[in-house]
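Breakdown of the fold
Residue strings, one per chain:
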Amino acid sequence: WVWPEGLEALDPRQGDGGWEVVLLIEGGEHAVFQDQWVGYRNLSHLITDAIFEGMHFRPRTDFAGLAAHGEGLICLTGGLHGCIGAAVRGSRGDRGRALDEARTSVLALAEIFGPQHLFLELQDTGLEGQELMNELARELAAELGLQTVVTNEVKHLEAEDAVTLDLLNCVA
């Protein structure tokens, strides 16, 4: 999870907040292991720092952490819990405000990861707000020259697996 205001602004009295990003290690069939090692090392660094420096309801990082350890990583903006979805939820139906807030966050991520390593997520799981989130993602992608990717949040395949997921979340 990303805390946009910076980890030093975390207040233990404050509720959960921020938004998620999905980080992938850059690679592919023609990548040399050494190239993947940079991404792996940076992802490990981000996870460790998030656990030990940014724990607030869940592990967190901030833009400074992403900037320091973004090399070799690909960033997806997350679905409804990502920066565009958070802008939609926080705007209370004001499309212009949601677009401005989303643009600010997406530009910050684009500056860190570059346009070749940042993908704006599109999802359609039928949840409230997703249609507007997808509209804004497509609009920002066209405006800023960024790529989109269609994803889906699959937590479990069978209904009975929900109990196992709930137990894992309790342990975490």
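None of these values were measured; they are calculated from a predicted model.

Some points on the nonpolar core
In terms of nonpolar packing, the biggest core is built from 31 residues, with L23, I84, V106, L109, L118 and L120 touching the most fellow members. Those elements that place two or more of their residues in this core are helix 1 (33-53), strand 2 (73-76), helix 3 (83-90), helix 4 (95-113), strand 3 (118-122) and helix 5 (130-144). Ranked by residue count, the leading element in this core is helix 4, at seven residues. Residue contacts for V106: discarding those within four places in its chain leaves C83, I84, L118, L120, L140, L144 and L146.

Here's the deal with the environment of L120
Structurally, L120 can be placed in strand 3. L120 sits 31 residues away from T151 along the chain, and the two C-alpha atoms are 9.9 Å apart. Sequence-distant contacts of L120, defined by excluding residues within four places in its chain, comprise T77, I84, V106, A137, L140, A141, L146, Q147, T148 and V149.

Comments concerning the pattern of salt bridges
When their charged atoms lie close together, side chains carrying opposite charge are able to pair. Scanning the entire structure with this criterion turns up five salt bridges. Taking the shortest distance from any N to any O, the salt bridge between E135 and R95 comes out at 3.7 Å. Highlighted residues: E135 in helix 5 and R95 in helix 4, separated in sequence by 40 residues. Of the residues examined, E135 reaches a relative accessible area of 33% and is grouped as partly exposed.

Calculation criteria
- Residues numbered from 1 in each chain as written.
- Predicted model: local features only at pLDDT ≥ 70, side-chain atom pairs only at ≥ 80, totals over all residues.
- Heavy atoms only, no water.
- Core = buried A, V, L, I, M, F, W, Y, C linked by side-chain atoms within 4.5 Å.
- Buried < 20%, exposed > 50% of the residue type's maximum accessible area, 1.4 Å probe, protein only.
- Helix = DSSP H or I, 4+ residues; strand = E, 2+ residues; numbered from the N terminus.
- Contact = heavy atoms within 4.5 Å.
- Salt bridge = Lys/Arg side-chain N within 4 Å of Asp/Glu carboxyl O.

Just distances and angles here, no functional claims.
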